[in-house]
Amino acid sequence: MSSAAIIDLLQLIMVTTTTVVVMLVIAFRRDHGLINALTQTGLLLALLIPQLIPQILPFQVTPLLIFDDFSALFSSIMLITAMVIVAMAYPYFEKKHNHNEEFYLLLLTATLGSLVMAGSNHFVSMFIGMEMLGVSLYAMIAYPVHSASVPVRPMEAAFKYLIMSGMASAFMLFGIALMYASSGSLEFSALAQSVSSRATEDLDSIMLVGLLLLFSGIAFKLSLVPFHIWTPDVYEGAPVPVTAVLATMSKAAMVAVALRLLLSAQLSSIGELVTALTVMAIASMLLGNFLALLQTNVKRLLAYSSVAHLGYLLVIIIAAAQIPDLLSVEGAVFYIAAYVFTSLAGFVVVNVLSDASRELVELEDYRGLLWRNPILAAVFIIVLLSLAGIPLTAGFIGKFYIFVTGVEGELWTLLTVLIAGSSVALYYYLRFIYVMLQSTATVADDPALRAIPTGSKLVMAVMVAFIIVLGIYPAPFITSIQQLAASF
């Protein structure tokens, strides 16, 4: 293997090394604080490696992985997300007092799978990365099941996710097999040659069925209607840090590989696929927002909100079929980055108010939060305003990208549905804010009155700064993702 390949693989090597080191340390000494610190240090070093040792981009490392600006940006998003989850996990699990350390092993393997997905341009590496992430999530969702007191139903949530995720993986494997039978290759670029060699109306039926099966599995991972059924129950039953992984890291990893697949294989030219994605986008935007109206549980509300937001993201992806330039890639990357960091900030607030024995996730638990803990309330209000797409937040710029790409692609039906869905979403986001602004009686053991952990303060400060800076002055970040889009 060449030195260039080793340099580009250093992030993966560092995360793998950290996993092995953490496993060995756990075998000889159980210390929650030590393992948390080791995990955080390893992830930080992996994030800094490209700054210390500049990568050689783009570079194809075997037919399975490619390292370019696209994979570098998404890898950074995954690593930052993992570091935030580590900061959330310590205060959440500290009161559990038994076997907290293995959680970090699972998080590291999930992160490793996400990094593999970000660099995948081959169905084998895509599936390996996806299953590394998925298998880790099964165990992470059920992790608190042996605690003395569990506030939710983690085993039920893990079992639901296991069964339905297994079915989605089976659909994807069968779809990949059909595409291999039609094209004779598992590389994304070879798939493009197979698609372009036929007229769209004469596309091989085996290839078309394979593509639809593949994207049904991808839709499951992204919680798109009608493959969203698992989302509210699993979000509610999982521990708060794991819910954050499901809502951010797993979504970003799948968006990364789906975007590369769509662009590398030029699948946006297939009319049947675009039609299926359009139907899913409309259903996700409408159903996600209307079902969120009925929720009084914060986790379930954020679950249905994520269904709607991934529906919004599909508008940009669908626009790639009509827009000749790479504005859609730029918009999709900006939107998923804004969504991930905004959601992380929201989950940090929920995490501060929760631990492994008790979670404050009901709407009534947040009544009067502004008067009980102004810092947490202010952060959550900024998060909700960003998710609603209010100006001066990152969410507004993301919504602006959707409208621009939708107008250029003449997706008038999708834009009409987006406006209707966003109007509904505005109501339930503002309802949540209204509840936090109301006055309430003080309770002696109120978790909102506890001191906020230093790590949580730092994470909230960084995430809020990201949301506001991207909402006011997004130019530097947009410039960087324009360079990324040019690599396609």
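From a predicted model like this one, the values you see are computed outputs, not experimental measurements. (Residues numbered from 1 in each chain as written. Predicted model: local features only at pLDDT ≥ 70, side-chain atom pairs only at ≥ 80, totals over all residues. Heavy atoms only, no water.)

Student: Give me the lowdown on helix 15 (residues 327-352), citing residues and values where you can.
Tutor: Relative to the 38 Å expected for 26 residues at 1.5 Å per residue, helix 15 spans 38 Å between its end C-alpha atoms, a close match to the ideal helical length. Counted residue by residue, helix 15 has 26 buried out of 26 residues, so it is predominantly covered. (Helix = DSSP H or I, 4+ residues; strand = E, 2+ residues; numbered from the N terminus. Expected span 1.5 Å × (residues − 1). Buried < 20%, exposed > 50% of the residue type's maximum accessible area, 1.4 Å probe, protein only.)

Student: Explain the packing of helix 13 (residues 271-292) against helix 14 (residues 298-319) to me, using residue names and the numbers behind them.
Tutor: Between helix 13 and helix 14, whose axes approach to 8 Å, the crossing angle comes to 150°. Relative to helix 14, the element helix 13 lies roughly antiparallel. As for the relative orientation of helix 13 and helix 14, their crossing is left-handed in sense. Counting all contacts with helix 13, which are made through Val274, Leu277, Thr278, Met280, Ala281, Ser284, Met285, Gly288, Asn289, Leu291 and Ala292, the residues of helix 14 involved are Leu301, Tyr304, Val307, Ala308, Gly311, Tyr312, Leu314, Val315 and Ile318. (Axes fitted to C-alpha atoms, helices over the stretch in contact; angles between N-to-C directions. Parallel < 35°, antiparallel > 145°, perpendicular 65-115°, else oblique. Left-handed = near helix turned anticlockwise from the far one by under 90°. Contact = heavy atoms within 4.5 Å.)

Student: Can you tell me about unusual backbone geometry, naming the residues and giving the values?
Tutor: Of the consecutive residues valine 225 and proline 226, the connecting peptide bond is found in the cis state with omega at 5°. Here proline 226 lies in the loop between helix 9 (205-221) and helix 10 (230-237).

Student: Pulling in residues and values, what's your account of the confidence of the model for the protein?
Tutor: Residues at a pLDDT of 70 or more form 92% of the protein, whose mean pLDDT is 87. No element of the protein has a lower mean pLDDT than helix 8 (residues 188-196), which averages 74, and none a higher one than helix 5 (residues 102-118), which averages 95. (pLDDT = per-residue confidence, 0-100.)

Student: How would you explain the packing of aromatic side chains if you had to name every residue and give the values?
Tutor: Here the structure, examined in full by the defined rule, presents 20 aromatic pairs. Each ring, one from tyrosine 366 and one from phenylalanine 380, has its centre 5.8 Å from the other, and the planes form 70°; the classification is edge-to-face. Placement of tyrosine 366 in the loop between helix 15 and helix 16 (369-372) and of phenylalanine 380 in helix 17 (residues 374-388) is noted, with a sequence separation of 14 residues between them. With respect to class, tyrosine 366 is no different from phenylalanine 380; both count as buried. Taken together through their ring pairs, the aromatic side chains of Tyr92, Phe93, Phe103, Tyr104 and Tyr143 make up a single cluster. (Phe/Tyr/Trp six-rings, centres within 6.5 Å; stacked < 30°, edge-to-face > 60°.)

Student: A description of the side chain of serine 216 should follow, citing residues and the corresponding values.
Tutor: Relative to the elements of secondary structure, serine 216 occurs in helix 9. At 2.5 Å, the side chain of serine 216 forms a polar contact with the backbone oxygen of leucine 213. Once residues lying within four places of it in the same chain are set aside, the contact partners of serine 216 are Phe171 and Phe227. (Polar contact = N/O pair within 3.5 Å; in protein donor to acceptor, adjacent residues only side chain to side chain.)

Student: Which residues make up the nonpolar core, and what are the values?
Tutor: If you look at the biggest cluster of nonpolar residues, it comprises 179 residues, and the most contacted ones within it are Phe103, Leu214, Phe215, Ile218, Leu261, Leu267 and Phe380. It is helix 15 that provides the largest number of residues to this core, a total of 19 residues. Setting aside its immediate chain neighbours within four residues, leucine 261 contacts Phe123, Phe188, Leu191, Leu214, Phe215, Ile218, Gln266 and Leu267. (Core = buried A, V, L, I, M, F, W, Y, C linked by side-chain atoms within 4.5 Å.)

Student: Describe the packing of helix 5 against helix 12 (residues 249-264), and please don't skip the residues or the numbers.
Tutor: Interaxial distance between helix 5 and helix 12 falls to 8 Å at its minimum, and their mutual angle equals 20°. Accordingly, the angle class assigned to the pair helix 5 and helix 12 is roughly parallel. Our pair here, helix 5 against helix 12, has a crossing hand that is left-handed. Touching Leu107, Ala110, Thr111, Ser114, Met117 and Ala118 of helix 5 are Met249, Ala253, Met254, Ala256, Val257 and Arg260, all from helix 12. Classifying every residue of the contact of helix 5 with helix 12 gives 9 nonpolar, 2 polar and 1 charged. (Nonpolar A, V, L, I, M, F, W, Y, C, P; charged D, E, K, R; others polar.)

Student: Just give me the short version of the side chain of asparagine 351, but keep the residues and values in it.
Tutor: With respect to the secondary-structure elements, asparagine 351 resides in helix 15. Among the polar contacts listed, one links the side chain of asparagine 351 to the backbone oxygen of methionine 88, at a separation of 2.9 Å. Those residues in contact with asparagine 351 that lie beyond four places of it in its chain are Met88, Pro91, Tyr92, Val240 and Pro241.

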